[in-house]
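A look at the structure
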Amino acid sequence: MAKKKMVILGEDLARQGYCRISMRKNIIARIDVENWVEVLAEHYDKTLHEMFTEILGNPGFYEDLFRREWSQDRLEVRLTTARTVPSSFQCPVGYEEKDVEM
């Protein structure tokens, strides 16, 4: 029964934009700011148009990078939950609203 709850939790976290950034440590993260593209554009000294062009040309790359390097919204979860959440590698999920009831 507990395993099923962890799977449901993982599915719910995935809907909120969480992706697995470490399978070894069972860490998941999400893009936690709406203006994440602006943050990247400023970091790489690009215009928004240039940054969006880069993002569209490399689906999932910059989203993964943001989750790993800039996201402050990280959770350590159980292995079953971590396996339910998609890998961050090449995951094109951007910012998603977080469920505040969790």
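Refer to the structure above for everything that follows.
A short tour of the structure in this document, coming up. (Residues numbered from 1 in each chain as written. Predicted model: local features only at pLDDT ≥ 70, side-chain atom pairs only at ≥ 80, totals over all residues. Heavy atoms only, no water.)

**Description of the packing of helix α2 (residues 36–43) against helix α4 (residues 61–69)**
Heads up, the condition is: Axis lines are fitted through C-alpha atoms, for helices just across the contact stretch, and the angle between N-to-C directions can take any value from 0 to 180 degrees. The helix count covers DSSP runs of H or I at least four residues long, the strand count covers runs of E at least two residues long, and both are numbered beginning at the N terminus. When an angle is under 35 degrees it counts as roughly parallel; over 145 it counts as roughly antiparallel; between 65 and 115 it counts as roughly perpendicular; any other value is oblique. In what follows, a contact means two residues having at least one pair of non-hydrogen atoms within 4.5 Å. As a working rule, the residues Ala, Val, Leu, Ile, Met, Phe, Trp, Tyr, Cys and Pro are called nonpolar, Asp, Glu, Lys and Arg charged, and the rest polar, with Gly in that last group.
Put simply, α2 and α4 touch, their axes get as near as 11 Å, and they point 90 degrees apart. Classified by the interaxial angle, the pair formed by α2 and α4 is roughly perpendicular. Together, Trp36, Val39 and Leu40 of α2 and Tyr62, Glu63 and Phe66 of α4 make up the contact between the two elements. Of the residues belonging to the contact of α2 with α4, the class tally is 5 nonpolar, no polar and 1 charged.

**What to know about helix α1 (residues 2–15)**
What counts is decided by this rule: By this rule, a helix spans an expected 1.5 Å times one less than how many residues it contains. Working definition: with a 1.4 Å probe on protein chains only, accessible area under 20% of the residue-type maximum means buried, over 50% means exposed, and in between means partly exposed. By construction, the arc corresponds to the directions joining the helix axis to the C-beta atoms.
For α1, built from 14 residues, the straight-helix expectation of 20 Å at 1.5 Å per residue is met to within 8% by its first-to-last C-alpha distance of 20 Å. Listing the buried residues of α1 in full gives Met6, Gly10 and Leu13. Projected down its long axis, α1 shows its buried positions confined to an angular sector of 65 degrees, all on one face. Exposed side of α1, more than 90 degrees from the buried face: Lys4, Lys5 and Arg15 are the residues found there. The inward-facing, buried residues of α1 abut β2 (27–29), β3 (74–76) and α5 (79–84).

**Things to note about the pairing of strand β1 (residues 19–22)**
Rules: Strand pairing is defined by DSSP finding a minimum of two bridges between the two strands.
The sheet contact formed by β1 and β2 spans 3 bridges and is antiparallel. Across the sheet, cysteine 19 pairs through a bridge with alanine 29, a residue of β2. Between β1 and β2, which pair antiparallel and follow one another directly, the connecting turn spans 4 residues, one of which, asparagine 26, has a positive phi of 55 degrees.

**Digging into the pattern of salt bridges**
The following threshold applies: One side-chain nitrogen of Lys or Arg within 4 Å of one carboxyl oxygen of Asp or Glu is enough to make a salt bridge.
Tallied over the full model, the rule gives 4 salt bridges. A salt bridge links arginine 68 to aspartate 64, with the shortest nitrogen-to-oxygen separation between them at 2.6 Å. Pair noted here: arginine 68 and aspartate 64 are both in helix α4, with a separation of 4 residues, about one helical turn. You can call arginine 68 partly exposed: its relative accessible area is 33%. Classification of aspartate 64 as buried rests on a relative accessible area of 11%. Linked by salt bridges that have partners in common, Arg30, Asp73 and Lys98 make up one network.

**Points about the sheet that holds β2**
An order of β1-β2-β3 is seen for the 3 strands of this open sheet, with the pairing classed as antiparallel. Bordering the open sheet on either side are β1 and β3, each of which pairs with just one other strand. For this sheet, the mean inter-axis angle between neighbouring strands, taken without regard to orientation, is 35 degrees. Where β2 meets β3, 3 bridges bridge the pair, whose relative direction is antiparallel. Within the sheet, the bridge partner assigned to isoleucine 27 lies in β3 and is glutamate 76.

**Comments concerning the side chain of arginine 30**
Inclusion rule: What qualifies as a polar contact is a pair of N or O atoms within 3.5 Å, subject to a donor-acceptor requirement within protein and to the restriction that residues adjacent in sequence count only when both atoms come from side chains.
With respect to the helices and strands, the residue arginine 30 is situated in the loop between β2 and α2. Of the polar contacts made by the side chain of arginine 30, one reaches the backbone oxygen of glutamate 96; its length is 2.3 Å. Residues contacting arginine 30, with those up to four places away along its chain left out, are Gln16, Gly17, Tyr18, Arg67, Ser71, Asp73, Tyr95, Glu96, Glu97 and Lys98.

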